[in-house]
Amino acid sequence: MRMIALTALGVGGATVFGALIGFTFKKMSHKFSDIILSFAAGVMLAAAVLGLIIPSLEYGGSFGILITVAGIFAGALCLNLIDRFVPHLHKIAGGDSETHSNASLSKVLLFVMAIAIHNLPEGIAAGVGFGSGDVNQALIIAGGIALQNIPEGMVIIGPMLSAGVKPSRTFLIAMATGLVEVIGTFLGYFAVSVASAILPFALAFAGGTMLYVISDEMIPETHAHGSERGATYALLVGFCVMLVTDVLLG
């Protein structure tokens, strides 16, 4: 339990760490942000496949492939529905924004909602990894999510400061978004621990949410500012780093 608690704090704290970096570099270039975010996308992609989807197949038994496919689509559809019905803001490093609904909400609230929407299932993914009992794979998943949270924390600081939010309040908001991930980690762990029969589906569901975030949020964002070639190679580097890590730990 101590390792799970420390991991949860690490995953959530990565957003705060990224926010501290964001205070130092308030105006990052799109190219730098895209490269960092693409590397994180590659890390998350490897973590989703190696740490969640493949174990789901292994734990699923005779119907493993059906359970895994169903879980992946269920996870993706869940985030799709959340994106559609919850006030949402696509985060752009330069401070631009795209509001989907309820424009009367403050920019700060939209930022918090947007980040929390994806931090909760990412936290659940980390917790589900520990629920599987494979500590090495769980740490790989958590590490991938934490790496993704650092650039996420970095890119939200500038727009909030530009919108007139006080630095102290901006930091508290960043901490709150990290806390959501801590809560998600414990939810995922206890859900799988209590009902181990759902483990294969839960692993695939968590993998599906991560694949959705990578495809719907991270890759389009990193290819929107003319740095798609560098972003592509950064994604490959991130994927290979996690691949090598998995082999070494295995």
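### A few points about the overall build of the protein chain
Part 1 of the reasoning: Counting its regular elements, the protein chain contains eight helices and zero strands.
Part 2 of the reasoning: Element order for the protein chain, N to C, with α for helix and β for strand: α-α-α-α-α-α-α-α.
Part 3 of the reasoning: Looking at the 250 residues of the protein chain, the share that counts as buried comes to 49%.
Part 4 of the reasoning: Here the protein chain has roughly 11,400 Å² of accessible surface; of this, 70% comes from carbon and sulfur atoms.

### Quick look at the packing of aromatic side chains
For any pair of aromatic rings, geometry is given as the distance between the ring centres together with the angle between the planes.
Part 1 of the reasoning: Scanning the model with the defined rule gives two aromatic pairs in all.
Part 2 of the reasoning: On the basis of an interplanar angle of 35° and a centroid distance of 6.2 Å, the ring pair of Phe201 and Phe205 is categorised as tilted. Taken together, the residues span about one helical turn, with Phe201 and Phe205 both in helix 7 (residues 199-222) at a distance of four residues.
Part 3 of the reasoning: Here Phe201 falls in the partly exposed class, since its relative accessible area comes to 36%.
Part 4 of the reasoning: Of the residues examined, Phe205 reaches a relative accessible area of 23% and is grouped as partly exposed.

### Overview of the nonpolar core
Among soluble globular proteins, nonpolar side chains are generally buried collectively.
Part 1 of the reasoning: Grouped together as the largest cluster of nonpolar side chains are 26 residues, with contacts concentrated most on Leu52, Ala125, Ile145, Met210 and Met218.
Part 2 of the reasoning: Secondary-structure elements contributing two or more residues to this core are helix 2 (30-59), helix 4 (107-131), helix 5 (135-162) and helix 7.
Part 3 of the reasoning: If one sorts the elements of this core by residue count, helix 7 sits on top with nine residues.
Part 4 of the reasoning: Look past the residues within four positions of Ile145 in its chain and what remains in contact with it is Val11, Glu122, Ala125, Ala126, Glu181 and Met210.
Part 5 of the reasoning: Listed in part, the five residues of the second largest apolar core include Val43, Ala46, Leu50 and Met242.

Definitions and limits used
Residues numbered from 1 in each chain as written. Predicted model: local features only at pLDDT ≥ 70, side-chain atom pairs only at ≥ 80, totals over all residues. Heavy atoms only, no water. Helix = DSSP H or I, 4+ residues; strand = E, 2+ residues; numbered from the N terminus. Buried < 20%, exposed > 50% of the residue type's maximum accessible area, 1.4 Å probe, protein only. Areas by Shrake-Rupley, 256 points an atom, 1.4 Å probe, with all protein chains shown as cover. Phe/Tyr/Trp six-rings, centres within 6.5 Å; stacked < 30°, edge-to-face > 60°. Core = buried A, V, L, I, M, F, W, Y, C linked by side-chain atoms within 4.5 Å. Contact = heavy atoms within 4.5 Å.

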